[in-house]
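Here is what each chain is made of, one letter per residue.
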Amino acid sequence: MVKVHRLSNGIRVVLEPMEYVHSASIGIYVKAGSAYETRENNGIAHVTEHMLFKGTNKRTAKELATAFARIGGGVNAYTAKEETCYYAMVLDEHLDEVIELLGDMLVNSKLDSEDLKKELEVILEEIDMYQDSPEDLAIEHLQEISMPDSSIGYLISGKKEVVSQFTKEHVKSFMEDFYTAERMVISVAGNFCAEKVLALLEKQFGMIKPIGKKIIRTQTKFHPAFSSVHKDTEQIHLTIGFQGCSYTSEDKYAQDIFEQCFGDSDDSRLFQKLREDLGLVYSIYSFCNSYYDMGLFQIYGAMNGQKVEKAVKEIGLLLKELRQQGITEEELFCAKERVKSDLLIGLDSTENRMAQNGKSLLLSGQLETMTDLLQRTLQVSKEDVMRYIKQYIQLEKTSLVIVGNGTKRNDQILKSIWSHGYRE
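Because the structure is predicted, anything quoted here is derived from the model rather than measured.

Participant: Before we go on, may I ask you to explain the overall build of the protein in this structure?
Facilitator: What the protein contains, in helices and strands, is 16 helices and 11 strands. Computed over its C-alpha atoms, the radius of gyration of the protein comes to 23 Å, within 12% of the 22 Å expected for a compact globule of 424 residues. Scored against the burial criterion, the 424 residues of the protein give a buried share of 55%. Sequence-distant contacts in the protein: of pairs separated by 6 or more residues, those separated by 24 or more amount to 82%. Accessible surface, the protein: about 18900 Å² in total, of which carbon and sulfur atoms supply 49%.

Structure below.
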């Protein structure tokens, strides 16, 4: 049974015992991501994540890496819009060791100036790598132009001109404000003794200060917009965006089913029509990102430049058809089966259970297990999906981005689509 506990300083701990496995996964979730940054420090959450692997007062970066290697587990981290996570999956016999290592990283990080200078060079290369990917560029640029007044639209990696100026004081200040007990959740799933794990977590994380800086986020609003970005590519990379629902909304379950039916698989309407039937695109798919107060539903496609207008028109026709008729019973059944398969197979993974428990508790304040998620999704009806489509997939409120050669021509294409071809 999944249970939520609290350490003495207020850190929430969610434990899900799985006595039949030989492993355990742990995640340290911090409500600190690009959504909590300003234009002046955009990218600092990502830099902080990198720096916690660069050594502590007890261990060098090499010694940390060796210690993780000796217990044979996978350790990693990521920074997202609304959270940063440090996680590991190990044999159950090594869980106590990995707790001590993660605690050392988060509590005793050295944050050396010379290490930061070297790591910033790595991060700047990472930013260049994203810029070199037209797919990433198209998707992220649409988020920027669709949410221009909100930090949700900021790049997680930040801008090079900002990131290159960071000092260890910037990192320390960010940790002082955000790496606090009230903004943290520790999630553990696998084979372990709950009493022992709680005692270890108290020892390693119980000294983290309870409260940091009071953070007030501005409300996120979706602004329809269009933009083209010149990139020397053989293909045109296109993204289309609509406002989606937040992860606190009851509509999120219908959104998942809609995504499955429309563009999340090879038998979806989007793939079958654009790729298989018409041969207009090389790659095509859709996906949803949900945040605290809104979401973003995006369609991405890569195609020959001469086929852009035709492809966008066909996508519009598919969406209009869905707005008029909804999904079929067969589509609903297949979508639920895919979700059920993914979630039930995922239940065998300590990492999946740990991640679902930790992220849901951190972001929404409510624990929603994978079993809970499955039950709610299987209850979705055709009427629920139609209601979602009518409310969120509004063709007159659309953002579009083109990345590729020929900026002037791409601008003309976008203006044509925007003013004539993408309205009901």
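We are not done yet, so read on.
Participant: Mind showing me how you'd approach the environment of S283 here?
Facilitator: By the secondary structure assignment, S283 is in strand β9 (residues 283-290). The class of S283 is partly exposed, set by a relative accessible area of 21%. Between the C-alpha atom of S283 and that of D104, which follows or precedes it by 179 residues, the distance is 44 Å. The contacts of S283, once residues within four sequence positions are left out, are Y300, G301 and A302.

Participant: Even after reading the chapter, I still don't get the side chain of N9, so can you show me in this structure?
Facilitator: Residue placement: N9 occurs in the loop between β1 (3-6) and β2 (12-17). There is a polar contact of 3.3 Å between the side chain of N9 and the backbone nitrogen of I11.

Participant: Is there a simple way to explain the packing of helix α1 (residues 44-51) against helix α4 (residues 113-132) in this structure?
Facilitator: Helix-helix packing: each pair is described by the crossing angle between the helix axes and the interaxial distance. Packing of α1 against α4 brings their axes to within 10 Å, and their N-to-C directions diverge by 120 degrees. If you check the angle between α1 and α4, you find them oblique. The element α1 and its partner α4 pack so that their crossing is right-handed. Taken together, the residues of α4 that come into contact with α1 (itself represented by H46, V47, H50 and M51) are D115, L116, E119, L120, I123 and E126. Across the contact of α1 with α4, the residue classes tally to five nonpolar, two polar and three charged.

Participant: Before we go on, may I ask you to explain the pairing of β1 in this structure?
Facilitator: Judged from the four bridges that link them, β1 and β2 form a sheet pairing that is antiparallel. Residue R6 lies in a different strand from β2, and its bridge partner there is R12. In textbook terms, the turn of a hairpin is the stretch between consecutive antiparallel strands, and for β1 and β2 this stretch comprises five residues, one of which, G10, has a positive phi near 105 degrees.

Participant: Can you walk me through the pattern of salt bridges in this structure?
Facilitator: A side chain of one charge can pair with a side chain of the opposite charge if their charged atoms are brought near each other. A full pass over the atoms with the stated rule returns 21 salt bridges. Between E331 and R269 there is a salt bridge, and its shortest N-O distance comes to 2.7 Å. Taken as a pair, E331 in helix α12 (residues 329-346) and R269 in helix α10 (residues 269-277) lie far apart in primary sequence, 62 residues in all. Among the residues examined, E331 registers a relative accessible area of 17% and is labelled buried. Here K340 makes a salt bridge to E337, at a shortest N to O gap of 3.1 Å. Remark: E337 and K340 occur in helix α12; sequence separation between them is three residues, near one turn of the helix. Given a relative accessible area of 28%, K340 falls into the partly exposed group.

Participant: Help me understand the sheet that holds strand β4 (residues 74-79), please; the structure alone is not making it clear to me.
Facilitator: Strand pairs in the sheet, formed through backbone hydrogen bonds, run parallel or antiparallel to each other. As summarised here, the arrangement of the six strands in space is β1-β2-β6-β3-β5-β4, forming an open sheet in which the pairing is mixed. Of all the strands in the sheet, the pair left with one neighbour each is β1 and β4. Across this sheet, the average inter-strand angle for adjacent strands is 15 degrees, counted without regard to direction. In this fold α1 packs onto β4 and β5 (84-91), with an angle of close to 165 degrees to the strand it touches most, β4. Across the sheet, helix α13 (residues 350-364) is in contact with β1, β2, β3 (23-30), β4, β5 and β6 (184-190); its angle to β3 comes to roughly 25 degrees.

Participant: Even after reading the chapter, I still don't get helix α9 (residues 252-262), so can you show me in this structure?
Facilitator: It helps to recall that an α-helix has 3.6 residues per turn; residues three or four apart then point in one direction. Summarising burial for α9: 10 of the 11 residues are buried, a large majority. Of the residues making up α9, those classed as buried are K252, Y253, A254, Q255, I257, F258, E259, Q260, C261 and F262.

Participant: I would appreciate a short explanation of helix α2 (residues 61-70) in the present structure.
Facilitator: Among the residues of α2, L64, A67 and F68 are the ones counted as buried. Viewed end-on, α2 has its buried residues packed into an arc of 95 degrees, placing them on one side of the element. Residues of α2 that are exposed and point over 90 degrees away from its buried face: K62, A69 and R70. Elements in contact with the buried residues of α2: β4 and α3 (95-108). Residue G72 follows α2 closely and has a positive phi angle near 70 degrees.

Participant: Help me out: how do you make sense of the nonpolar core in this one?
Facilitator: In a soluble, globular protein the nonpolar side chains are often hidden away together inside. One finds I26, Y179 and F205 to be the most contacted residues of the largest nonpolar core, which totals 67 residues. Looking at this core, the element that brings in the most residues is α3, giving seven residues. Excluding residues within four positions of it along the chain, F205 makes contact with L7, N9, I11, I28, I99, L102, G103, L106 and I186. Listed in part, the 46 residues of the second largest apolar core include L238, Y253, V281 and Y392.

Participant: Explain the packing of aromatic side chains to me, please; I cannot follow it from the model alone.
Facilitator: What characterises a pair of aromatic rings is the spacing of the ring centres plus the angle enclosed by the ring planes. Going through the model one piece at a time under the given rule, you end up with 14 aromatic pairs. Between the aromatic rings of F242 and F297, the centroid separation amounts to 6.4 Å while the plane-to-plane angle is 35 degrees, which identifies the pairing as tilted. Residue F242 is located in strand β8 (residues 236-244), and its partner F297 is located in strand β10 (residues 295-303); the two are separated by 55 residues in the primary sequence. Residue F242 is classed as buried on the basis of its relative accessible area of 0%. Relative accessible area serves as the criterion here: at 0%, F297 is assigned to the buried category. Here the aromatic rings of F258 and Y388 are separated by 5.6 Å at their centres, their planes lie at 45 degrees, and the arrangement is tilted. Of this pair, F258 sits in helix α9 while Y388 sits in helix α15 (residues 382-392), placing them 130 residues apart in sequence. Put simply, the rings of F242, F258, F262, F297, Y388 and Y392 pair up and form one aromatic cluster. The aromatic ring of Y36 is capped on one face by R183, whose charged end is 4.7 Å from the ring centroid.

Rules used throughout
- Residues numbered from 1 in each chain as written.
- Predicted model: local features only at pLDDT ≥ 70, side-chain atom pairs only at ≥ 80, totals over all residues.
- Heavy atoms only, no water.
- Helix = DSSP H or I, 4+ residues; strand = E, 2+ residues; numbered from the N terminus.
- Rg over C-alpha atoms; globule rule 2.2 N^0.38 Å.
- Buried < 20%, exposed > 50% of the residue type's maximum accessible area, 1.4 Å probe, protein only.
- Contact = heavy atoms within 4.5 Å.
- Areas by Shrake-Rupley, 256 points an atom, 1.4 Å probe, with all protein chains shown as cover.
- Polar contact = N/O pair within 3.5 Å; in protein donor to acceptor, adjacent residues only side chain to side chain.
- Axes fitted to C-alpha atoms, helices over the stretch in contact; angles between N-to-C directions.
- Parallel < 35°, antiparallel > 145°, perpendicular 65-115°, else oblique.
- Left-handed = near helix turned anticlockwise from the far one by under 90°.
- Nonpolar A, V, L, I, M, F, W, Y, C, P; charged D, E, K, R; others polar.
- Pairing = 2+ DSSP bridges.
- Salt bridge = Lys/Arg side-chain N within 4 Å of Asp/Glu carboxyl O.
- Arc of directions from axis to C-beta.
- Core = buried A, V, L, I, M, F, W, Y, C linked by side-chain atoms within 4.5 Å.
- Phe/Tyr/Trp six-rings, centres within 6.5 Å; stacked < 30°, edge-to-face > 60°.
- Lys NZ or Arg CZ within 6 Å of the ring centre and 35° of its normal.

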